[in-house]
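What follows is the residue order along each chain.
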Amino acid sequence: MIRTLGLYFFRRYITTTVWFLLGVFSLVFIIDFSEMSNRAGALPHYTVSIGLLVTALRIPTILMQTVPFVALFSGMAALISLNRRYELVVTRAAGISVWQFLRPFIVGAFLFGLAAVLVLNPLAAWGNRKSQELEASWGATNARAENTVPWLRQIYGKDQAIIGAKAMLDGGTRLLNVSVIHFDQAGGIVLRQDADSATLEDGYWLLKNVRETRIGELPVRLDEVQLRTNLKREFVQESLEKPENIAFFELGRKIEAARSFGFPTYAMQTQLHSMLSLPLLLVAMTLIAACVSLKFSRFNQSRAVILGGILSGFMLYVVTVLVKAFGSSGVVPPFVAAWLPVVVAMSLGATILLHQEDG
């Protein structure tokens, strides 16, 4: 009986989670496509069909941010539904403890977390890259995927230059709307180059549609310019690529590469441990949902209790993001930053359930 009941509860949890994911997907798709159409509709190569494709490619990245809340709300919805239909009452009357009938929900949350790490995260990283490429093909030079302006400093022989761009693709090896400022040995500006794009080739940056400006001279237009460099593709990718845009399976290799170049790896290590702890974070969210959803109510669950559960889950998410920021900056060890909120939340959830159910 316990096995049959567990499979039934597990199916209910999975079905509720899928419906929540579909609802979030639909809502985000409509909002994101409307915003992108307003922003990119005037670009020369924009089409509605490609716009829909770009929005679909961006959705996994946004869904990754909503996974903890989906786990919280689906757990609350499934348990409240079972309570209102007296199924949990009958389960308790049959002598099955709360820890036994919660097991399917905990297993479902853990599997949901594994799916998010192993499937949704790599899909989000791939979709993010493809959406940036498609936006660039429209003629967009202010792709929104990267919120920070990338800057690089290079020294090649006697030439010192700072390279800036409004957007980057391919992990920073392709820059859009580029500005290159050259300095002399004394630190004075001698040349400025503005280009539509810059692509890192073997030993040089290939600038296209360049406008060169020198002090006291008229600007000069050039189709292509080769800017010599000793920067390697791996170096540029490690220095510019954001950890959130790296697939889970590539994080280990990226960390080793960053260490070989002497880069700090706090952010990537924190991201790696955050991905590893995500299944247990969803388990913690499920325990929080159980704390506010198991009390039987003949008509409706207490709104104050449900609101408390939502606020508790929100606070856990905020604390997780805040401590993750500390770990990314090196203030807190990455392992501690990723795992401490999860362990504390699971302990508190289990303690509250023990107090409520077992006294």
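The structure presented is a predicted model; accordingly, all values stated were derived computationally and were not measured. (Residues numbered from 1 in each chain as written. Predicted model: local features only at pLDDT ≥ 70, side-chain atom pairs only at ≥ 80, totals over all residues. Heavy atoms only, no water.)

### Observations regarding the overall build of the protein
Moving on, step 1. Of regular secondary structure, the protein possesses 10 helices and 6 strands.
Moving on, step 2. Relative to the globule expectation of 21 Å for 359 residues, the C-alpha radius of gyration of the protein, 26 Å, shows a markedly less compact shape.
Moving on, step 3. Each of the three principal axes of the protein carries a C-alpha extent, and together these read 90 × 45 × 35 Å.
Moving on, step 4. Counting the 359 residues in the protein, one finds 45% classified as buried. (Helix = DSSP H or I, 4+ residues; strand = E, 2+ residues; numbered from the N terminus. Rg over C-alpha atoms; globule rule 2.2 N^0.38 Å. Buried < 20%, exposed > 50% of the residue type's maximum accessible area, 1.4 Å probe, protein only.)

### Quick word on the packing of aromatic side chains
Moving on, step 1. In the structure shown here, the tally under the stated rule is 9 aromatic pairs.
Moving on, step 2. The interplanar angle of 85° and the centroid separation of 5.9 Å between the aromatic rings of Y13 and F105 together place this pair among those described as edge-to-face. Highlighted residues: Y13 in helix α1 (residues 2-40) and F105 in helix α5 (residues 103-137), separated in sequence by 92 residues. Grouping residues by exposure puts Y13 and F105 together as buried.
Moving on, step 3. Ring plane angle 70° and centroid distance 5.6 Å describe the contact between F248 and F249, whose orientation is recorded as edge-to-face.
Moving on, step 4. The exposure class of F248 is buried, given its relative accessible area of 15%.
Moving on, step 5. Classification of F249 by relative accessible area gives exposed; the value is 55%.
Moving on, step 6. Taken together, Y8, F9, Y13, F101 and F105 form an aromatic cluster joined through their ring pairs. (Phe/Tyr/Trp six-rings, centres within 6.5 Å; stacked < 30°, edge-to-face > 60°.)

### So, the sheet that holds strand β3 (residues 174-183)
Moving on, step 1. Here 6 strands make up an open sheet; going across it, the order is β1-β2-β3-β4-β5-β6 and the pairing antiparallel. Among the strands making up the open sheet, the edge pair consists of β1 (151-156) and β6 (220-228). The average undirected angle you get between the axes of adjacent strands in this sheet is 30°.
Moving on, step 2. Here strand β5 (residues 204-213) runs beside β6; their pairing, made up of 8 bridges, is antiparallel. Bridge assignment links V210 to a residue of β6, and that residue is L222. (Pairing = 2+ DSSP bridges. Axes fitted to C-alpha atoms, helices over the stretch in contact; angles between N-to-C directions.)

### Regarding α1
Moving on, step 1. The end-to-end C-alpha distance of α1, which contains 39 residues, comes to 55 Å, matching closely the 57 Å that a straight helix rising 1.5 Å per residue would cover.
Moving on, step 2. Listed in full, the buried residues belonging to α1 are G6, F9, R12, Y13, T16, T17, V28, D32, F33, M36 and A40. (Expected span 1.5 Å × (residues − 1).)

### Section: empty space enclosed by the protein
Moving on, step 1. In the structure shown here, the tally under the stated rule is 2 cavities of 30 Å³ or more.
Moving on, step 2. Together, I2, L5, G6, F9, I96, Q100, F101 and P104 line the second largest cavity. (1 Å grid on protein atoms, 1.4 Å probe; cavity = no way out; pocket = protein on both sides within 12 Å on 5 of 7 lines; lining within 4 Å. Points joined across faces, edges and corners; volume = space filled by probe spheres on them.)

### Looking at helix α2 (residues 48-84)
Every α-helical turn comprises 3.6 residues, leaving residues that sit three or four positions apart pointing alike.
Moving on, step 1. An ideal rise of 1.5 Å per residue puts 54 Å on 37 residues; α2 reaches only 45 Å between its terminal C-alpha atoms.
Moving on, step 2. Of all the bends in α2, the largest measures some 50° and sits at T66, one to four residues before the proline P68.
Moving on, step 3. Immediately downstream of α2, the backbone of Y86 shows phi near 65°, a positive value. (Bend = angle between axes of the 7 residues up to and from the residue.)

### Considering a nonpolar patch on the surface
Moving on, step 1. A cluster of nonpolar side chains, V107, F110, L111, L114, L118, V119 and F249, forms an exposed patch at the surface whose accessible area comes to about 600 Å².
Moving on, step 2. Inspection of the secondary structure puts F110 in helix α5. (Patch = residues over 30% accessible without salt bridge, like charges linked within 9 Å, V, L, I, M, F, W, Y side chains within 5 Å. Areas by Shrake-Rupley, 256 points an atom, 1.4 Å probe, with all protein chains shown as cover. Salt bridge = Lys/Arg side-chain N within 4 Å of Asp/Glu carboxyl O.)

### Describing the nonpolar core
Moving on, step 1. Residues F101, L102, F105 and L294 are the most contacted members of the largest nonpolar core, which totals 45 residues.
Moving on, step 2. If you tally residues by element for this core, the top one is helix α8 (residues 266-293), at 13 residues.
Moving on, step 3. Once residues within four sequence positions are removed from consideration, F105 is found in contact with F9, Y13, A78, L79, L82 and T286.
Moving on, step 4. L175, V180, L207 and V210 belong to the second-largest nonpolar core, a separate cluster that totals 18 residues. (Core = buried A, V, L, I, M, F, W, Y, C linked by side-chain atoms within 4.5 Å. Contact = heavy atoms within 4.5 Å.)

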